[in-house]
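Read off the chains here:
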Amino acid sequence: MFHPHYTYNYFPANDKPSASVEDEQNDPKPEGESVDTEKLLENIAEQTKSTRNLYLVYISYLLYFTLSIFSIQDIELLLDSTVTLPFFQVPVATDAFFYLAPVLAIVLFVYFQLHLTKLRELINALRVLAREKVVHISPWLVTDVGVPGKSQVSKLQQAIVRIALWWLLPLTLALCTYWILTKHDTWDSFIVTNIFMIGVGFNLYFRYKASPTRRMTWLSNKVQKLRRMQKHLLGIVMFYLWIYVLFGAVIPSINSGAIFLKLYNADISAKPAIAESTRSWAVLNGVNLNGADLRYAYFHRASLVRAELRNVKAAYSDFSGADLSFAHLDGAYLSEARLDGADLRSAHLDGAYLSEACLDSADLSYASLDGAYLGFASLDRADLHAARFNGASLHAAHLNGAALSRASLDRADLSFAKLHGAKLRSAHLDGASIFSAHLDGADLRAARLDSVELRLAKLHGADLRNAKLHGADLCDADLSNANLRNANLRNANLSFATLDGVRFWGTHLKDARCLTVEQLLSVRSLYEAELPDSLLAVFESGSELTVAQRRRYQYLRSEESLYE
């Protein structure tokens, strides 16, 4: 960019040939005109230099601002750490950068536009004073953009200038706003969004002022009354644009996670330099990471109380020992994730995918996992007290020693699950499938197992006192040495079930199906048990029984059998 040079073209009226020398001598110009013209030319030259310098500073800053935004990592946004500016290597707080950098861009834009407006006024004054048409003021692009040109180079020049003047700032501010929206922080998002709208407002205002000949001409030709409103239309447009951006982009992105941080393989929980006994390492309580990419991310012992983690992609991630109490993980993809020892009390995991996830010794009391998939997951010794697993799949899951008292597992799939020694006292398992599951030594006292499929289930030594097994399918199930005192097996299917050593003390078997004499004689006690009428008739008549079978039956019905 060089010192401006001015070229003038003279267009006499009616395209007549220019006057002769004698005519020019007979029609001299005013004496002070040349002096005023020279002063204007000097002022234009000085204004051009200052505007040119501002232009270079403005464009350079926007480019540097954009580069700085791209250099900020998602983990720096999440942890609110300092960011290092490119080239200068200056550390700046993340929030301070996203607040101050766009404000400075707007200030530079406004200052540059004020200089540019002053330059236009000087050029217009020169045109009026010289009574000539200034065709070309070269070589600076901005001063030359208003000159019409038909060549391809001229059109390209004008396109570049328009982009630099009117589009570069909104695009840069939009990029800044998008970057901060991924953080899903309500306060940061609202501040940066308002800065963006202020910048767009200044942009539209100066663009409106820079094109006076185009102001609403298309509208004024059709509706004259709207010409009086043109000064107010800009404000109306800005208001509705702000409403659209706020409620159409900002709020949905914060709530739904339409845009999100990418924390693939990120180390969130760096071990602090404080005592090892500290419960949590990274404190991210209430953080919004809906939809985030957290694959292989490391959140060991992080504090994520009430965190928003809906629909996150967190396969192979490590949340071991993390505090996720009251967190929302609905629809989260946590395949093979580590959650052992994690605190998930009252957490929401409805529809979450936890295939082969490790939740050993995790606290999931009062958690909601309705419709979740936990196939092959490991929940050994996990605290699942009063947790909800309605319609969930726990196929082949490991729940050995898990505490499931008062848990709701209605219609859950527990087929082939391992529940050795699990505590399911007062649990609800209505309509659940426990096909071929291992429940040896499990505590199922007062559990609701109505219409449950327990075919081939292993219930050796299980405690089923007061359990409700109405309509349960126990075909081929192993109930040896189980305690079914006061249990309700009305209409239950016991065909080929192994009942060796079972305690049927006060058990309701009156409507039980497929129960045979041999099965009943293999139990430990039938004291006060209600038997099916058909079998009761056989035992009372004794005609079809051997002496040993009659004695065995009498003993099982006696109180002495309780102390065997």
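Residues numbered from 1 in each chain as written. Predicted model: local features only at pLDDT ≥ 70, side-chain atom pairs only at ≥ 80, totals over all residues. Heavy atoms only, no water.

**Q** Looking at this structure, how should I read the overall build of the chain?
**A** Assigned secondary structure in the chain consists of 12 helices and four strands. In the chain, which comprises 564 residues, the share counted as buried stands at 48%. Across the chain, the fraction of contacts at a sequence separation of at least 24, relative to all contacts at a separation of at least 6, is 29%. (Helix = DSSP H or I, 4+ residues; strand = E, 2+ residues; numbered from the N terminus. Buried < 20%, exposed > 50% of the residue type's maximum accessible area, 1.4 Å probe, protein only. Contact = heavy atoms within 4.5 Å.)

**Q** Just to check I follow, could you spell out a nonpolar patch on the surface for this structure?
**A** A cluster of nonpolar side chains, Leu 67, Phe 87, Phe 88 and Val 90, forms an exposed patch at the surface whose accessible area comes to about 440 Å². Its location among the elements puts Leu 67 in helix 2 (residues 31–71). (Patch = residues over 30% accessible without salt bridge, like charges linked within 9 Å, V, L, I, M, F, W, Y side chains within 5 Å. Areas by Shrake-Rupley, 256 points an atom, 1.4 Å probe, with all protein chains shown as cover. Salt bridge = Lys/Arg side-chain N within 4 Å of Asp/Glu carboxyl O.)

**Q** How should the packing of aromatic side chains be read in this particular structure?
**A** We describe a pair of aromatic rings using the distance from one ring centre to the other and the angle between the two ring planes. In the structure shown here, the tally under the stated rule is 19 aromatic pairs. Judged by centre distance (4.1 Å) and plane angle (0°), the rings of Phe 539 and Tyr 553 are stacked. A residue pair is termed long-range when its members are at least 10 positions apart, and Phe 539 in helix 11 (residues 533–541) and Tyr 553 in helix 12 (residues 547–557) qualify at 14 residues. A relative accessible area of 5% places Phe 539 in the buried class. Classification of Tyr 553 by relative accessible area gives buried; the value is 11%. Through a chain of ring-to-ring contacts, three or more aromatic side chains come together here, namely Tyr 55, Tyr 58, Phe 109, Phe 112, Tyr 205 and Phe 206. The ring of Phe 326 carries Arg 306 above its face, with NZ or CZ at 4.5 Å from the centroid. We note Arg 485 situated over the ring of Trp 505; from NZ or CZ to the ring centre the distance is 3.5 Å. (Phe/Tyr/Trp six-rings, centres within 6.5 Å; stacked < 30°, edge-to-face > 60°. Lys NZ or Arg CZ within 6 Å of the ring centre and 35° of its normal.)

**Q** For this particular structure, what's the right way to read helix 7 (residues 186–210)?
**A** What sets the pattern is the α-helix's 3.6 residues per turn: residues three or four places apart point alike. Along its 25 residues, helix 7 runs 36 Å from first to last C-alpha, staying within 8% of the 36 Å computed at 1.5 Å per residue. For helix 7, every residue scored as buried is listed here: Asp 188, Ser 189, Val 192, Thr 193, Ile 195, Phe 196, Met 197, Gly 199, Val 200, Gly 201, Asn 203 and Phe 206. (Expected span 1.5 Å × (residues − 1).)

**Q** Any chance you could explain the environment of Ala 447 here in plain terms?
**A** Among the secondary structure elements, Ala 447 is positioned in the loop between helix 9 (230–256) and helix 10 (517–521). Residue Ala 447 is classed as buried on the basis of its relative accessible area of 0%. Apart from the residues lying within four places of it in its own chain, the contact partners of Ala 447 are Leu 424, Ser 426, Ala 427, Ala 467 and Lys 468.

**Q** Is there a simple way to explain the confidence of the model for the chain in this structure?
**A** Predicted coordinates in regions of low pLDDT should not be interpreted in detail. Taken residue by residue, the chain gives an average pLDDT of 82. The fraction at 70 or more is 80%. Predicted confidence in the chain is weakest over strand 1 (residues 5–9), with a mean pLDDT of 43, and strongest over helix 10, with 93. pLDDT under 50 marks residues 213–220. Its contacts with residues more than four places away, or in other chains, come to eight contacts. Across residues 273–277 the pLDDT falls below 50, and counting only partners more than four positions away or on other chains, this stretch makes four contacts in the model. (pLDDT = per-residue confidence, 0-100.)

**Q** What should I look at first to understand the pattern of salt bridges in this one?
**A** Note on pairing: side chains with opposite charge can pair once their charged atoms come close. If you walk through the whole model with that rule in mind, you get 16 salt bridges. By sharing partners, the salt bridges in this structure join Asp 443, Arg 445, Asp 463 and Arg 465 into a single network.

**Q** Would you take a moment to explain unusual backbone geometry for this structure?
**A** If a residue is not glycine, its phi is most likely negative; likewise, a peptide bond is most likely trans. Positioned with a positive phi, Phe 87 is a non-glycine residue whose angle comes to about 70°. Classification of Phe 87 by relative accessible area gives exposed; the value is 66%. A positive phi is found at Arg 381, a non-glycine position, where the angle reads about 60°. Considering the arrangement of structural elements, one finds Arg 381 in the loop between helix 9 and helix 10. Judged by its relative accessible area of 52%, Arg 381 falls in the exposed class.

**Q** Looking at this structure, how should I read the state of the cysteines?
**A** Covalent bonding between the sulfur atoms of two cysteines defines a disulfide. Under the defined criterion, the tally for this structure stands at zero disulfides. Here Cys 475 is not cross-linked by a disulfide; its sulfur's nearest cysteine counterpart is in Cys 514, at 7.7 Å. Residue Cys 475 is classed as buried on the basis of its relative accessible area of 15%. (Disulfide = S-S within 2.5 Å.)

**Q** Explain the environment of Asp 360 here, please?
**A** In this structure, Asp 360 sits in the loop between helix 9 and helix 10. The spacing of Asp 360 and Asp 380 is 20 residues in sequence and 4.8 Å in space, taken between C-alpha atoms. Ignoring sequence-local partners within four residues, the contact set of Asp 360 consists of Asp 340, Gly 341, Ser 378, Leu 379, Asp 380 and Arg 381. Within the local environment of Asp 360, its side chain forms a polar contact with the backbone nitrogen of Asp 380, the two atoms lying 3.2 Å apart. (Polar contact = N/O pair within 3.5 Å; in protein donor to acceptor, adjacent residues only side chain to side chain.)

**Q** I'm lost on the side chain of Asn 493 in this one. Help?
**A** Mapped onto the fold, Asn 493 is located in the loop between helix 9 and helix 10. Exposure remark for Asn 493: the relative accessible area of 13% places this residue in the buried category. Only 3.1 Å separates the side chain of Asn 493 from the side chain of Ser 495, close enough to count as a polar contact. Residues within four places of Asn 493 in sequence aside, it is in contact with Ala 472, Asp 473, Leu 474, Cys 475, Arg 513 and Cys 514.

**Q** Would you explain the environment of Ala 412 in this entry?
**A** Tracing the backbone shows Ala 412 in the loop between helix 9 and helix 10. Sequence spacing of Ala 412 and Ile 434 is 22 residues, and the spatial spacing of their C-alpha atoms is 8.4 Å. Leaving out residues up to four positions away in the same chain, Ala 412 has contacts with Phe 389, Gly 391, Ala 392, Ala 432 and Ser 433.

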